[in-house]
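# Notes for the structure review
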Amino acid sequence: MCRSKWSLFIIVCVSLALLTGYGLAQEKPYPTKSVTYLVTFDPGGQSDREARRQQPFLEKSLGQKVIVDYKVGGGGALGWSELVRSQPDGYLMAGINIPHIILQPMQQQTGYTTDQIIPVALFQRTPLALAVLKTSPYKTIQEFIAAAKVKPSDISIGGSGTFSGHHVATLRFQKMTGTKFNYVPFTGAAPQITAFLGGHVNAVFGNSDDLVKYSGDIRVLAVADENRFFGFPETPTFKESGIDIVESIDRGIGLPPKTPDYIVKKLEAAFLQIAKDPAIQEQMKKEGFVPLALGSQASRAYIEKMTGIYKDIVKDIKK
Amino acid sequence: MEAWSSLMGGFAAAISPYNLMFALIGSIAGTLVGVLPGLGPTAAIAMLLPLASHLDPAPAIIMMAAIYYGAMYGGSTTSVLVNIPGEASSVPTAMEGYQLNLQGRGGPALGISAIASFAAGTMGVIGLTFFAPVLARTALAFGPPEYFALTFLGVSLVVSLSGRDLGKGLLSALVGLLTAVIGLDPLTGVTRLTFGSMELMAGIDFVPIIMGLFAISEILVNAEKETKCILEAKRIEWLPTWQDIKDTWAATIRSGVIGFLAGLIPGCSPAVTSFMVYDLEKRFSKHPEKFGHGAIDAVAAVEGSNNATASGGFVPLLAFGIPSGPALAVLLGGFLMYGLQPGPRLMQEQPALLWTIIASMYIGNVMLLVLNLPLVGLWARMALIPFPILGPIIAVCTLIGAYSLRHSFFDLWISLLFGVIGYLMRKFEFPVAPMVLATVLAKLMETSYMQSLVMSKGSPLIFFTRPISAAFILLTLLSVASGIWLRRQAKVKQVELEESDS
Amino acid sequence: MLKTQRSGDIACGAFLALLGLAAAWASTTIDEGAGGHLHPRNFPLLLGVLLFIGGAGLAVHALIARTGANKAIGWPDRRGWKFWGIALAALVLYVGLSNPLGFLICTFFFVAGFIWYFGRYSPIVAVAWALGVAAFVYVVFIWLLDLTLPLGPLAFLS
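About the criteria used
Residues numbered from 1 in each chain as written. Chains lettered and ligands numbered in written order. Predicted model: local features only at pLDDT ≥ 70, side-chain atom pairs only at ≥ 80, totals over all residues. Heavy atoms only, no water. Helix = DSSP H or I, 4+ residues; strand = E, 2+ residues; numbered from the N terminus. Buried < 20%, exposed > 50% of the residue type's maximum accessible area, 1.4 Å probe, protein only. Contact = heavy atoms within 4.5 Å. Areas by Shrake-Rupley, 256 points an atom, 1.4 Å probe, with all protein chains shown as cover. Lys, Arg positive; Asp, Glu negative; His and termini not counted. Charge placed at Lys NZ, Arg CZ, Asp CG, Glu CD. Core = buried A, V, L, I, M, F, W, Y, C linked by side-chain atoms within 4.5 Å. Patch = residues over 30% accessible without salt bridge, like charges linked within 9 Å, V, L, I, M, F, W, Y side chains within 5 Å. Salt bridge = Lys/Arg side-chain N within 4 Å of Asp/Glu carboxyl O. Domains from an automatic or database assignment. Polar contact = N/O pair within 3.5 Å; in protein donor to acceptor, adjacent residues only side chain to side chain. Buried area = accessible area lost by both parts, 1.4 Å probe. Phe/Tyr/Trp six-rings, centres within 6.5 Å; stacked < 30°, edge-to-face > 60°. Lys NZ or Arg CZ within 6 Å of the ring centre and 35° of its normal. Axes fitted to C-alpha atoms, helices over the stretch in contact; angles between N-to-C directions. Left-handed = near helix turned anticlockwise from the far one by under 90°. Nonpolar A, V, L, I, M, F, W, Y, C, P; charged D, E, K, R; others polar. Pairing = 2+ DSSP bridges. Right-handed = clockwise from strand over helix to strand, strands pointing away.

Okay, the overall build of chain C next. In terms of helices and strands, chain C carries five helices and zero strands. Buried positions account for 38% of the 158 residues belonging to chain C. A sequence separation of at least 24 residues applies to 64% of the contacts in chain C between residues at least 6 apart. Working note: accessible area of chain C is about 8100 Å², and carbon and sulfur atoms make up 73% of it. Put simply, chain C has 9 plus and 5 minus side-chain charges, and the middle of one group is 23 Å from the middle of the other.

So this is what it looks like as structure tokens:
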């Protein structure tokens, strides 16, 4: 009797514990209020336009208002350091850009680390491509490389900033072809392209969507992607020319560290649903973006892969 | 005359009630965000983007463009009335317009700035209509060395903006440059002078600085003086007279031409243009002694150049899809939203749309004039509100405006800090304008200098071997030399005056 | 203390020289980045040094040439300082409390307090103006311009 009393007590305790434990793990309904979508670049830029495109669809699938907010500064670093310091309750998410979130923490203290950000999804990429003006003497990537070998450091390549995708692409290109270029950094894509069209630099590593706009004036020598880019179907990839460079700017969405799994899943589903919408993919393509639909796990794996590649290159810059 | 017939076609489309309505909405919204300090067309256009996606491209872009040039009309209001330039390009307006307001001539100053905005803005649109294809390539002629030479010329304006004491003006400019360096270096991304602070990493924006130097310090000064009403003049004029228009028309036309040409250069900030125009008017004025004490032709010139620059900025935007500033970048986003890529191809594929937009800009400028002139009397009467009531309203509007820029409370603390600094600068007689100009120019100056050296592999000769850049540097040297000479002349005169007085 | 422009110049010059020195020293700790012809350290270093020279020059010039020795600085009297301090304190409170309490509530108290204290109006007039200004902020900034401002307890209004 005594024993059964105790066992009853234990059973009650255990089941209570289980219940409360279950209760704790129980998913709180999400979202119950408006969700903030933080854009870390200027309004009107690619990240902002994508957020604005997604906003109405997100509101529909989440059933709550989505507020697009801006935290601009430090090439995105300011917004991302705010992201990793905010509550992991799913009510603040931020657009993320690769390679920015990998390269910035490698360069210096920026207030966040790459692995602090939980990637939810990646939904678009702009492969980089090497381009010259139509009037330029270089017709193919081989001619370009040959010319660079004749006069090292004489040919200038314009890009956006240092420790950026454009800079890294130039360095990888130099390393793989044994050439040396004069890399001229600009403060963003707009001044970069303006200087390029004005002939102030000989070539650029540009984002595909920027280059598509000027396809009448420029000649794209090679695209740094796995496959040919639909905007320039005639242009070979670097890989086809035997140079193993795949470089792109990828855009996605991230959450603060320790965000519960069910929130990540819920947002992942919402974003992937939009990313897989054929009408939206068609729009993206028209603007020069490659549509993507990578979920949380796949995005994380991709970030880890790229981190490995960048580690060695950054070592080269820093020494 | 091909442009002429295309333009007439554009007018036929732009005059439809539907398009007119959106031009009007844009004009009203633009005036509103222009009047509110800190808020600018960028935020307003960005905000309307999702709304605009329900419209056809023509009315949507007509509306967004109207917000952009409409904001230039409102910019002078707070500068003249309460000494708060909403953005850097209105700083010279505040320097002269506020003095006029104190003399009871706030109404004429506002009226003249509306008329100058209209006249110069329309000149800019005429330039856009007829000379865009010829002039578009100037946008591309400017590479890093040319930009550096341009900023060099800009900084040399400090000499004439320094008031009586050149040394203090230079120190003020140095502090401004140093403030602008804080944050990430725009080229290398290296953090500078941030002392580990995340907020400083984003840099110090110049709008909160201007808000502090002008608005907050104005409130502090008036609080200590227990001002009853900022307007002490006995005789108050509400509207400009014919004499005012006669005095300013030449300055308006000059500034219209210069403003339009400067608008063609995408990296040239409108603030540089307005300071340059101000300096030119001061030099060629028949009454240079009036400058700093309420010169109405300076108000006309500065406000006119702002609007002409806004019209000029459409040339690189429509010809190449190159935006000259954040507001036009958002407007470009509007084009892209419809799958329209401004550039030569759009000119061939959608000429009707482009001409409708250009035609709507003529109509929009007329609307803005009609909208703003009757408001002048109303605004000018605002200066009659007692200071204890006006002061907190100014504070609330400027601080919320400064907040809205980056959604950052840190910016508000910066505003207060520079409010106290501005107050001390008034007491110790340091001129404020050089500091504003320096903070605006610093980034472009440094980055273009470094880029030029990268291009030339370290040789500074690049600034002298390129014709445009060499011309600007020569112009700078001439301007500094003549500025110092004029200053000396003025000093001699002053000494003579003082001696004859005694 | 600091009664004349001369003493003001000396103090400002000394302060700016120190600021320049501090900036120059802080610039030497800046990372040199990617090398090449890009030296993120040089410009701030140059500015710091120039500021040091300029500030010192101003102070020394005022010391030796005695410029502005007979020109008084327009400082307020004791009563003026009191009003100055209260205005600044009100602004500091406004900025400091706007985050937790929201702009609307702070605007109301700031405007009402300012009008009541500086204008000597009756509290009813002050409150009426304050309500009007808060309503203006709500209608223009939040409703028309759709800005996301912190609103504290009134967050439901957004």
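On we go from here.
The biggest cluster of nonpolar side chains holds 231 residues, and the ones touching the most others in it are A:I218, B:L213, B:F314, B:V436 and C:F141. With 17 residues, helix α4 (residues 57–82) of chain B is the single largest residue contributor to this core. Counting 31 residues, the second largest nonpolar core, distinct from the first, contains A:A77, A:I101, A:Y310 and B:M198.

Below, the discussion takes up unusual backbone geometry. All names here are of chain A. Of note, the amide linkage connecting Y30 to P31 takes the cis form, showing an omega dihedral of -10 degrees. Relative to the assigned elements, P31 resides in the loop between α1 (2–25) and β1 (35–39). Unlike most non-glycine residues, S153 shows phi in positive territory, near 65 degrees. By the secondary structure assignment, S153 is in the loop between α5 (141–150) and β5 (156–160). Of the residues examined, S153 reaches a relative accessible area of 23% and is grouped as partly exposed.

All names here are of chain C. A cluster of nonpolar side chains, L18, L21, L46, V49, L50, F52 and I53, forms an exposed patch at the surface whose accessible area comes to about 630 Å². Looking at the nonpolar patch, the elements with two or more residues in it are α1 (5–27) and α2 (42–65). The leading source of residues in the nonpolar patch is α2, at five residues. Structurally, L50 is set in helix α2.

To continue, consider the domain arrangement of chain A. All names here are of chain A. The domain architecture assigned to chain A consists of domain 1 (35–125 + 249–318) and domain 2 (127–241). One C-alpha centre belongs to domain 1, the other to domain 2, and the line joining them spans 26 Å. Taken together, the contact pairs 19 residues of domain 1 with 18 residues of domain 2. Taken together, the links from domain 1 to domain 2 amount to one salt bridge. The closest approach of N and O atoms between D225 and R125, which form a salt bridge, is 2.8 Å. Seen at the junction of domain 1 and domain 2, the total is three residue pairs in polar contact (both at pLDDT 80 or more).

What follows covers the interface of chain B and chain C. Facing 58 residues of chain B, the contacting portion of chain C comprises 66 residues. Summing both sides of the interface, chain B and chain C together bury roughly 5600 Å²; the carbon and sulfur share of this comes to 84%. Contact with chain C buries area across many residues of chain B, yet B:I400, B:F409 and B:F428 alone supply 11% of it, more than any other trio. At the junction of chain B and chain C, the tally comes to three salt bridges. Close ionic contact of B:E429 with C:K71 constitutes a salt bridge, the shortest N to O distance being 3.0 Å. Taken together, the connections running from chain B to chain C amount to six residue pairs in polar contact (both at pLDDT 80 or more). Counting only elements with at least two residues in the side of chain B that touches chain C, the list comes to α2 (17–35), α10 (166–181), β2 (191–192), α12 (206–224), α20 (387–406), α21 (409–427) and α22 (433–455) of chain B. Here the side of chain B that touches chain C takes twelve residues from α20(B), the largest share from any one element.

Right, let's talk about the packing of aromatic side chains for a bit. Here the distance between the centres and the angle between the planes together describe a pair of aromatic rings. Taken as a whole, this structure holds 41 aromatic pairs over all chains when the rule is applied. Between A:W80 and A:Y112, the ring centres sit 6.0 Å apart and the planes meet at 65 degrees, which makes this aromatic pair edge-to-face. Note that A:W80 is positioned in helix α3 (residues 77–85) and A:Y112 in the loop between α4 (100–107) and β4 (118–133), a separation of 32 residues in sequence. Judged by centre distance (6.2 Å) and plane angle (55 degrees), the rings of C:Y94 and C:F103 are tilted. Of the two residues examined, C:Y94 and C:F103, each falls in the buried class. Taken together through their ring pairs, the aromatic side chains of B:F387, B:Y403, B:F409, C:F83, C:Y94, C:F103, C:F110, C:F114, C:Y117 and C:F118 make up a single cluster. The ring of B:W238 carries the charged tip of B:R381 above its face, separated from the ring centre by 4.1 Å. Here the guanidinium or amino end of C:K82 rests over the ring plane of C:F83, the centre of that ring lying 5.7 Å away.

All right, on to the packing of helix α5 (residues 91–102) of chain B against helix α15 (residues 296–312) of chain B then. A pair of packed helices is characterised by two quantities: the angle between their axes and the separation of those axes. Residue and element names in this part refer to chain B. One way to put it is that α5 packs onto α15 with a least axis distance of 9 Å and a crossing angle of 145 degrees. Pair α5 / α15 crosses with left-handed handedness. Here P92, T93, E96, G97 and L100 of α5 lie close against α15, whose contacting residues are I296, A298, V299, V302 and E303. Per-class residue counts for the contact of α5 with α15 are six nonpolar, two polar and two charged.

A separate point is the domain arrangement of chain C. With domains assigned, chain C is organised as domain 1 (5–65) and domain 2 (78–157). For domain 1 of chain C and domain 2 of chain C, the distance between their C-alpha centroids amounts to 39 Å.

Now for the pairing of strand β2 (residues 66–70) of chain A. All names here are of chain A. Of all five residues making up β2, five are buried, and the element is well covered by its neighbours. Burial of β2 is two-sided: the residues V66, V68 and Y70 facing one way and the residues I67 and D69 facing the other way are all buried. Alignment of β1 against β2, held across five bridges, turns out to be parallel. Residue pairing in the sheet places L38 in a bridge with D69 of β2. With respect to chirality, the unit in which β1 leads through helix α2 (residues 46–62) into the neighbouring parallel β2 is right-handed.

One pass over the structure, following the stated rule, counts 26 salt bridges over all chains. Residue A:D261 is joined to A:K265 by a salt bridge in which the shortest nitrogen-to-oxygen separation is 3.7 Å. With A:D261 and A:K265 both in helix α9 (residues 261–275) and four residues apart, this pair spans about one turn of that helix. The exposure class assigned to A:D261 is exposed, which follows from its relative accessible area of 54%. With a closest N to O distance of 3.0 Å, B:E218 and B:R426 form a salt bridge. In this pair, B:E218 is assigned in helix α12 and B:R426 in helix α21, connecting sequence segments 208 residues apart. Residue classification places B:E218 among the buried residues on the basis of a relative accessible area of 8%. Given the relative accessible area of 32%, B:R426 is considered partly exposed. Because the salt bridges share partners, they merge into one network encompassing A:R49, A:E50, A:R53 and A:E287.

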